[in-house]
Amino acid sequence: MDGKQTFFSTWKRVLIPLAILVIIAVIPGFNAAMFGIVIPYVAGLVFLIGFISRIMGWAKSPVPFRIPATCGQQKTLPWIKNDHLDNPHTFWGVVGRMFLEVFFFRTLFRNTQAGLKDGPKLVYGGNKLLWAAGLAFHWSFLIILIRHVRFFTEPVPGFVNFVQGFDSLFQIGVPVLCLTDIVIVAALSYLFIRRVIFAQVRFISLPADYFALGLLLAIVLTGIVMKYWIKVDNVGAKELALGLITLSPGLPKDPIGFMFYFHLFLVCTLLLYFPFSKLMHMGGIFLSPTRNMANNNRMRRHVNPWNPEVKLHTYEEYEEEFHDVMSAAGMPLEKTYAEAKPSETE
Ligand code: HEM
């Protein structure tokens, strides 16, 4: 398959599902109540139930062993310096590690990749662009969601106005340009394009990887289009959103505009898809035993809850049992032969 063919077959994976969504959204006899009330409620319900049940499923999974993934010195003897963040042994150490992971993607920052350069030469280095694009996308997404709170609240909380003001700090254009609108498009485009142009990433990419990015990009682009070009009735949109959130749904008297319903429909698609997709990493990260456990294996004895009756075999008993072979192997022992086996030396 040549490069051009690969490019189109990759695009097909995104364009076909998106085209189906567009066709559904513009079917003749378009019904505002269907797209403005029924589908949003169904999507919201599926999202809530799906999200909670997946989290409950993970929370109920047994974790009989302490298995934190670590890459720093474990807490051990007092004179050996341990790493509080990379190998936390306390609750607060875990909180600190999680905080840096969730808000700054610390492990992705240290992620490395191997590649072949002319020569051929094997080069091994960091991949900071992936980290920067990932972080830029997630932060922009969060800020855009916070800004959207203005549609669901009356009066609008102060922090929402603050975030809105901060995001449009440079006061460029009318309506004022929000920086996150540019950043999120750039970040999502990079995350998408890298899956298309880098052979190794393309090889491990699944249709689901392209679909999630394509859907997010479509939501963002429809939002931007209706803010700057195809205007919609924002007052009507707020009336509809307030009705939905207060469980007293109703359509505004004047039409809001097709672009709004299209934007909302894409958001509903995301809500329906979310609980069954890799996007669940948003909740899953907090339940990952390789991240949320303190590594205190050398400080505390952890009894396997599946087998609490297991017979204890202390180090003293172990040394007593294997005293001779350990001694023959020149291993340091805590007791002399006479101390370990007094009955045999009397
Ligand atoms: C995943 C959720 C959503 C994302 C990522 C998203 C994204 C965006 C973006 C990027 C814009 C461009 C302008 C801006 O940044 O404010 C926008 C505008 C807009 N969005 Fe959303 N949106 C989402 C959900 C919703 C929902 C649930 C509603 C329903 C009320 C909505 C209604 C609107 C409206 C009315 C605009 C036009 C704003 C204006 O003209 O200032 N969005 N959206």
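Residues numbered from 1 in each chain as written. Predicted model: local features only at pLDDT ≥ 70, side-chain atom pairs only at ≥ 80, totals over all residues.

## Things to note about the site of the ligand
Around the ligand sit 21 residues in total, of which Phe151, Gly223, Lys227, Ala237 and Ala241 are the nearest. Put simply, the parts of the chain that give the shell around the ligand at least two residues each are helix H5 (128-152), helix H9 (207-228), helix H10 (234-245) and helix H11 (258-273). Among the elements that make up the shell around the ligand, the one with the highest residue count is H9 (6 residues). Looking at side-chain class alone, the shell around the ligand contains 14 nonpolar, 4 polar and 3 charged residues. (Near = placed C-beta within 6 Å. Helix = DSSP H or I, 4+ residues; strand = E, 2+ residues; numbered from the N terminus. Nonpolar A, V, L, I, M, F, W, Y, C, P; charged D, E, K, R; others polar.)

## Notes on the environment of Pro68
Relative to the helices and strands, Pro68 resides in the loop between helix H2 (32-60) and helix H3 (91-104). Each C-alpha atom, one on Pro68 and one on Gly243, is 45 Å from the other, the two residues being 175 residues apart in sequence. What Pro68 contacts, discounting residues up to four positions off in sequence, is Thr290, Arg291, Met293 and Asn295. (Contact = placed C-beta atoms within 7 Å.)

## Let's talk about the nonpolar core
Buried together is how nonpolar side chains tend to be arranged in soluble globular proteins. Grouped together as the largest cluster of nonpolar side chains are 26 residues, with contacts concentrated most on Leu188 and Phe265. Elements with a contribution of two residues or more to this core: H2, helix H7 (179-197), H9, H10 and H11. At 8 residues, the largest contribution of residues to this core is made by H11. Not counting chain neighbours up to four residues away, the residues in contact with Leu188 comprise Phe137, Leu213, Leu216, Leu217 and Val220. (Core = buried A, V, L, I, M, F, W, Y, C linked by C-beta atoms within 7 Å. Buried ≥ 20, exposed ≤ 12 C-beta atoms within 10 Å, placed from the backbone.)

## Regarding the packing of H2 against H11
Contact geometry of H2 with H11 gives a least axis separation of 8 Å together with a crossing angle of 20°. The angle between the axes of H2 and H11 places the two elements in the roughly parallel class. Crossing of H2 over H11 shows left-handed handedness. On the side of H2, the interface is formed by Ala32, Phe35, Gly36, Ile39, Pro40, Ala43, Gly44, Val46 and Phe47, while H11 contributes Tyr261, Leu264, Phe265, Cys268, Leu271 and Leu272. (Axes fitted to C-alpha atoms, helices over the stretch in contact; angles between N-to-C directions. Parallel < 35°, antiparallel > 145°, perpendicular 65-115°, else oblique. Left-handed = near helix turned anticlockwise from the far one by under 90°.)

## Regarding the confidence of the model for the protein
Looking at the protein, pLDDT values average 89 and 91% of them are 70 or higher. The least confident element of the protein is helix H1 (residues 3-25), whose mean pLDDT is 63; the most confident is H5, at 97. (pLDDT = per-residue confidence, 0-100.)

## Some remarks on the environment of Leu244
Residue placement: Leu244 occurs in helix H10. The exposure class of Leu244 is partly exposed, given the 19 C-beta atoms found within 10 Å.

## A short note on the packing of H9 against H11
It is at 9 Å that the axes of H9 and H11 come closest, and there the two elements cross at 160°. The angle between H9 and H11 falls in the class roughly antiparallel. As H9 packs across H11, the resulting crossing turns out to be left-handed. For the pair H9 and H11, contact is made by Leu215, Ala218, Ile219, Thr222, Gly223, Val225 and Met226 and by Met259, Phe260, Phe262, His263, Leu266, Val267, Thr269 and Leu270, respectively. The class makeup of the residues in the contact of H9 with H11 is 11 nonpolar, 4 polar and no charged.

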